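Below, each chain spelled out in residue letters.
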Amino acid sequence: MVADWYAMGLTDGSRGKALSEFRDYQADCAKHQLSSDFGQYQEGHKKGVVQYCVYPNGVTLGRSGNSFNPLCEDAGFADFHQGYFLGQQLNQAEERLANLKRDQQQVEDKQQSLEKELADNKDRIVDDTSSKAEREELLRDNDRLRRELRRLAAELRSLQYQAQATQDEIDSRLAELQL
């Protein structure tokens, strides 16, 4: 029944919520014929925004991949801007690393599949029931499989190198964040 509008504004602002949150409170109060005080809410919200728009919150927001919070667009929140930018860079590097690891797994799976196919071909070559033409075809297929395995091994080395470079970048960015 009795609301501390300043405290509510302070809480919402310190959580990065928009000033428009007040409209929801106002509508709820109107349903019950209670008054609301936008001036007090706005004053508290303004102070809360100052608490929210700080470097660590910028990093958290950027790292999570969320959009920039327009509450912090003011030039007075340069630390928030810097944190958001660095967090965003870290998020992008972490996504790149996840993609590289996924690509590595796909290459490794393909290698296993080709190695099994190669082993199966070898078994069929030594099988006495295979004709000479079938064995020659299997030998050609094995040559193709070996070339593909060499290509995949080179691709895997490249992916591993890129993943290590990206992990180094992530480690460097984490050290740079100074949280």
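Residues numbered from 1 in each chain as written. Predicted model: local features only at pLDDT ≥ 70, side-chain atom pairs only at ≥ 80, totals over all residues. Heavy atoms only, no water.

**Observations regarding the nonpolar core**
Right, so step 1: One finds Tyr 55, Val 107, Leu 114, Ile 170 and Leu 177 to be the most contacted residues of the largest nonpolar core, which totals 18 residues.
Right, so step 2: Of all the elements in the fold, those that place two or more residues in this core are α4 (55-63), α5 (78-126) and α6 (132-177).
Right, so step 3: In this structure Val 107 touches Leu 152, Glu 155, Leu 156 and Leu 159, once residues within four positions along its chain are discounted.
Right, so step 4: Grouped together as the second largest cluster of nonpolar side chains are eight residues, Val 49, Cys 53, Leu 61 and Phe 77 included. (Core = buried A, V, L, I, M, F, W, Y, C linked by side-chain atoms within 4.5 Å. Buried < 20%, exposed > 50% of the residue type's maximum accessible area, 1.4 Å probe, protein only. Helix = DSSP H or I, 4+ residues; strand = E, 2+ residues; numbered from the N terminus. Contact = heavy atoms within 4.5 Å.)

**Some remarks on unusual backbone geometry**
In most cases, non-glycine residues show a negative phi, while peptide bonds are predominantly trans.
Right, so step 1: One non-glycine residue, Gln 33, lies in positive phi territory at about 55°.
Right, so step 2: Mapped onto the fold, Gln 33 is located in the loop between α2 (21-31) and α3 (38-52).

**What to know about the packing of aromatic side chains**
Right, so step 1: Per the counting criterion, the structure on display carries eight aromatic pairs.
Right, so step 2: The interplanar angle of 65° and the centroid separation of 5.0 Å between the aromatic rings of Phe 22 and Phe 38 together place this pair among those described as edge-to-face. Placement of the pair is Phe 22 in helix α2 and Phe 38 in helix α3, with a sequence separation of 16 residues.
Right, so step 3: We classify Phe 22 as buried; its relative accessible area is 3%.
Right, so step 4: With centroids separated by 5.9 Å and ring planes inclined at 70°, the aromatic side chains of Tyr 25 and Tyr 41 adopt a geometry described as edge-to-face. (Phe/Tyr/Trp six-rings, centres within 6.5 Å; stacked < 30°, edge-to-face > 60°.)

**Some points on the environment of Asp 37**
Right, so step 1: Along the chain, Asp 37 falls in the loop between α2 and α3.
Right, so step 2: Relative accessible area serves as the criterion here: at 34%, Asp 37 is assigned to the partly exposed category.
Right, so step 3: Along the sequence, Asp 37 and Gln 26 sit 11 residues apart, while their C-alpha atoms lie 8.6 Å from each other.
Right, so step 4: Residues within four places of Asp 37 in sequence aside, it is in contact with Trp 5 and Phe 22.
Right, so step 5: Separated by 3.2 Å, the side chain of Asp 37 and the backbone nitrogen of Gly 39 make a polar contact.
Right, so step 6: Within the structure, the side chain of Asp 37 is placed 3.1 Å from the backbone nitrogen of Gln 40, a separation counted as a polar contact. (Polar contact = N/O pair within 3.5 Å; in protein donor to acceptor, adjacent residues only side chain to side chain.)

**Description of the side chain of Gln 104**
Right, so step 1: Structurally, Gln 104 can be placed in helix α5.
Right, so step 2: According to the relative accessible area criterion, Gln 104 is buried, its value standing at 13%.

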